[in-house]
Amino acid sequence: MSQIDSKPRVALFVTCLVDLFRPSVGFAAIKLMEDAGCVVEVPEAQVCCGQPAYNSGDRNDTAAIAKQVIEVFEDYDYVVAPSGSCGGMIKDHYPALFAAEPDWQRRAEDLSGRMHELTSFLVDVLKIQSVQTAPQDVKITYHDSCSGLRELGVKAQPRALLESVQGLELVEMQTPETCCGFGGTFCVKYGEISTDIVSRKTADINATGADLLLAGDMGCLLNMAGKLKREGSPVQVRHVAEVLAGMTDLPAIGESSLGESK
Amino acid sequence: MSMQITAQNFEANAAKALKDPNLRKAMQIIGGPMASRRVETARELPEFEALRDEGVKIKNHVLKHIDLYLEKFEQQLTARGGKLHWCRTPREARETILALCRSRNAKLVTKGKSMVTEEIGLNAFLEEHGITPVETDLGEYIIQLAHEPPSHIIGPALHKTREQVAELFEDHHPDYELPNMPGVKAGPRSTEPQVLVTEARQVLRDRYFQADVGITGANFLIAETGATVIVTNEGNGDLTQSLPKMHIAVSSIEKVIPNLEDLSTILRILARSATGQEMSCYTTLSCGPKRPEDKDGPEEFHVVLLDNGRSEMLGTALEPLLRCIRCGACMNNCPVYHSVGGHAYGWVYPGPIGAALDPHMIGLETARHLPNASTFCGKCEEVCPMRIPLPDVMRWWREQAHEKQITPPLQRWGIEAWAFAAKHPWLYRLGAGIAIGLLNMLGKDKGRLASLPLAGGWTDGRDFPAPQSASTFMSQYKSKQGAAR
Ligand code: SF4
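Because the structure is a prediction, the values reported are computed rather than measured.

*Asks:* Provide a residue-level description of the interface of chain B and chain A, including the pertinent values.
*Replies:* Contacts between the two partners involve 69 residues from chain B, matched on the other side by 72 residues from chain A. Between chain B and chain A, a total of about 5,800 Å² is buried, with carbon and sulfur atoms accounting for 58% of that surface. Counting the surface chain B buries against chain A, the share from its top three residues, Arg-462, Gln-468 and Phe-473 of chain B, is 14%. The tally of links between chain B and chain A comes to seven salt bridges. With its nearest N and O atoms 2.5 Å apart, the salt bridge here joins Arg-150 of chain A to Glu-382 of chain B. For the pair chain B and chain A, the number of links is 34 residue pairs in polar contact (both at pLDDT 80 or more). Class assignment for the residues of the side of chain B that touches chain A results in 30 nonpolar, 18 polar and 21 charged.

*Asks:* Which residues make up the pattern of salt bridges, and what are the values?
*Replies:* Throughout the structure, instances matching the rule amount to 42 salt bridges over all chains. Ionic pairing is found between Lys-155 of chain A and Asp-144 of chain A, a salt bridge with its closest N-O pair at 2.8 Å. Taken together, the positions of Lys-155 of chain A in the loop between α8 (146-152) and α9 (156-163) and Asp-144 of chain A in the loop between β5 (138-142) and α8 put the pair eleven residues apart, joining distant regions of the chain. Notably, a salt bridge pairs Lys-255 of chain B with Glu-254 of chain B, separated by 3.9 Å at the nearest N-O pair. One exposure class covers both Lys-255 of chain B and Glu-254 of chain B, and it is buried. If you follow the salt bridges from partner to partner, you end up with Asp-144, Lys-155, Arg-159, Glu-172 and Glu-177 of chain A in one network.

*Asks:* Tell me what's going on with the environment of Tyr-78 of chain A, and back it up with residues and numbers.
*Replies:* Residue and element names in this part refer to chain A. Residue position: Tyr-78 is located in strand β3 (residues 78-81). Put simply, Tyr-78 and Leu-111 are 33 residues apart on the chain and 8.4 Å apart in space, counted from C-alpha to C-alpha. In this structure, Tyr-78 is in contact with Pro-8, Arg-9, Val-10, Ala-11, Arg-114, His-116, Phe-121 and Val-125, ignoring residues within four places of it in sequence.

*Asks:* Could you give an account of the pairing of strand β7 (residues 246-252) of chain B, naming the residues involved and the relevant values?
*Replies:* Two faces belong to every sheet, and in a regular strand the side chains alternate between them. Residue and element names in this part refer to chain B. The element β7 is extensively covered by neighbouring structure, given that seven of its seven residues are classed as buried. Side chains Met-246, Ile-248, Val-250 and Ser-252 of β7 all project onto a buried face; the interleaved residues His-247, Ala-249 and Ser-251 project onto the opposite face, where all are buried too. With four bridges joining them, strand β4 (residues 213-216) and β7 adopt parallel strand pairing. Residue pairing across strands places Gly-214 opposite His-247, the latter belonging to β7. Here seven bridges tie β7 to strand β10 (residues 300-306), and the two strands are oriented parallel to one another. Note on β10: the bridge partner recorded for Ala-249 is Val-303.

*Asks:* Break down the domain arrangement of chain B for me, citing the residues and quoting the values.
*Replies:* Split into domains, chain B comes out as domain 1 (45-308) and domain 2 (410-484). Relative to domain 2 of chain B, the C-alpha centre of domain 1 of chain B lies at a distance of 55 Å.

*Asks:* Any details on the packing of helix α17 (residues 351-362) of chain B against helix α21 (residues 390-403) of chain B? Residues and values, ideally.
*Replies:* All names here are of chain B. At a closest axis distance of 9 Å, the pairing of α17 and α21 adopts a crossing angle of 35°. Both α17 and α21 take part in a crossing whose hand is left-handed. In contact with Pro-352, Ile-353, Ala-355, Ala-356, Pro-359 and His-360 of α17, α21 contributes Leu-390, Val-393, Met-394 and Trp-397. Each residue belonging to the contact of α17 with α21 can be placed in one class, and the counts come to nine nonpolar, one polar and no charged.

*Asks:* Run through the packing of helix α4 (residues 59-73) of chain A against helix α5 (residues 84-97) of chain A, naming residues and quoting values.
*Replies:* All names here are of chain A. The interhelical angle for the contact between α4 and α5, taken along N-to-C directions, is 120°, at an axis separation of 10 Å. Seen from above, α4 lies across α5 with left-handed handedness. Taken together, the residues of α5 that come into contact with α4 (itself represented by Arg-59, Thr-62, Ala-63, Ala-66, Val-69 and Ile-70) are Met-89, Ile-90, Tyr-94, Ala-96 and Leu-97. For the contact of α4 with α5, the per-class residue count stands at nine nonpolar, one polar and one charged.

*Asks:* Give me the lowdown on the sheet that holds β5 of chain A, citing residues and values where you can.
*Replies:* All names here are of chain A. Across the sheet, four strands lie side by side as β6-β5-β7-β8; this open sheet has parallel pairing. Here the strands that pair on one side only, and so sit at the sheet edges, are β6 (168-170) and β8 (236-239). This sheet shows a mean twist of 35° between the axes of neighbouring strands, independent of strand direction. Looking at chain direction, β5 and β6 are connected through three bridges and run parallel.

Reading the values: the criteria
- Residues numbered from 1 in each chain as written.
- Chains lettered and ligands numbered in written order.
- Predicted model: local features only at pLDDT ≥ 70, side-chain atom pairs only at ≥ 80, totals over all residues.
- Heavy atoms only, no water.
- Contact = heavy atoms within 4.5 Å.
- Buried area = accessible area lost by both parts, 1.4 Å probe.
- Salt bridge = Lys/Arg side-chain N within 4 Å of Asp/Glu carboxyl O.
- Polar contact = N/O pair within 3.5 Å; in protein donor to acceptor, adjacent residues only side chain to side chain.
- Nonpolar A, V, L, I, M, F, W, Y, C, P; charged D, E, K, R; others polar.
- Helix = DSSP H or I, 4+ residues; strand = E, 2+ residues; numbered from the N terminus.
- Buried < 20%, exposed > 50% of the residue type's maximum accessible area, 1.4 Å probe, protein only.
- Pairing = 2+ DSSP bridges.
- Domains from an automatic or database assignment.
- Axes fitted to C-alpha atoms, helices over the stretch in contact; angles between N-to-C directions.
- Left-handed = near helix turned anticlockwise from the far one by under 90°.

Below, the structure written as structure tokens:
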């Protein structure tokens, strides 16, 4: 069917935060996958992966939302999210939701096998070694988001792709794998603790001397950008897909098109 | 009464902790050496991961047949002249220990480190009954002087700075004389760890000989031989258990393992996970009371074995927690523990293992914050030598709280309203459209908001980045598709 012209048919799982806060990441993801030879579609009926309900202990609603996601996405060759956290939810946690519903469990497992985080999809599935992007002279540092790292093994993939962009210099933090303190609803429910955790992160980021902080998850990015901006740090913050796709003309996260008023 | 519970005040405890400069200084060790040493020693041992798997297997096997192994342990212990005391509740355990102490007319007992005695609130109970317990583990001794509970399961005084320890010693050892300088009072203390350790050793030395009973914990119980095992770095446990006439080892049922081979497997991952040592300095096996041909050792050897709800965990979502070997790696690597320290959790077991275990032991209503106050970063599970799925257990508790309506109504309604929208895409899109329009308008000039109603938790300490544009990705994508057609 879809593979007649041998181009994989990929559905983009946009994620709530990209949909709301950073549409450019969605367009960057589409560009990266199209450049890599995919046919990308964005199913209109998609909403959320259900993670907020899942982590709040609302299992019934989570299962209902998961069924919706499965129905919308199960006919594609692959499903790709520009997020390790939503990707991990669908890939790692969906099957466990349906222990008592074998039919749904089978469908969840089937979707799980075709679900990927964006950079891991490009590198591990499509075997892409490099991206075609104009040189960018900038010193970057990279934060490993928890779910992507620990549930999906995303670590080397974004770095490999970034290395292929001319001019980028990666300076690692002391603890790139340490949580930024976002944690979904945690960041509001336990705001003071969350703020304390992210302040250790921003200290680590600032110490690298990088101009630009990248990561693969909007939640962490909003959190770290919010803290950096509050501290008056000059470090800019972007989703890794924006840089890989060369789509950095829009203002960085938490900055305005009117320029930075200091 | 067991240890005072303040878990219900987790938020206030945490807020206080975040403002405590001494605590913040002391907690720096968590982000630094505590985590990095584990990584290094684990890396040096190529079979580390395989040993973890083996450890998990051993513990899972024991938990399946725990009745058999405990019976075997009792048989062997009895055969060697020891005595086992089964205690269902903390109260039974306290009464048993008190009766044993009284049978020896004990006035003074020395104590090695034991979390189970914290769990049953033993020290306060003994004091109430005219018996003076003296902690001999340096960290436990420090917090005993300070009248505080432990803040870490292997480093009870981890929350104290060196300066605070020096002050405590000055206050509590007014007559302490410098070593090799008889008649010279020590005066203001040096904050050098070695000097402080020497002082504690000197002060404690006499106590070992004066004690009528020695109480220790037990990291493991060996079913095959009836031995109890303690693992320490100071050697205090050995003096505590071998000098007095009576040794009481206080432990809990899940500590039993089949044999010495299993012990050696688990010891190889325990110290590496805990302190980043290859092995702890002292591993001591107690195999019963003194025999006629022995030169020293206690005349009586008792093992007090506590259940306190553990057997109820078997066969439930909580069973994996019984694999815990109390190494502390999960807290050493936890960002939340790093920020607030152990006391904020408000009961004996802090950090991720506490967040997963305490609701069972002190009640979900009391401990409801603990499994919620986690970012689910997954680091605890990554480092846990016993591969305990701590985040899954915490999520399970959140599900219980949701079901039993323990979650505060506002939070529950919030998530249910959100879920309702998520199940009705048109409604979700409508809501998203309105929210994004508003946020974009408010934050347009700067690209961020300095404050946001209902989100003070976020904006008190951080800016809130505004949406990139006034419309969602989905609507932008749709109009692009329309234009292309
Ligand atoms: S839960 Fe795991 S890491 Fe935490 S103390 Fe127990 S064994 Fe150690």
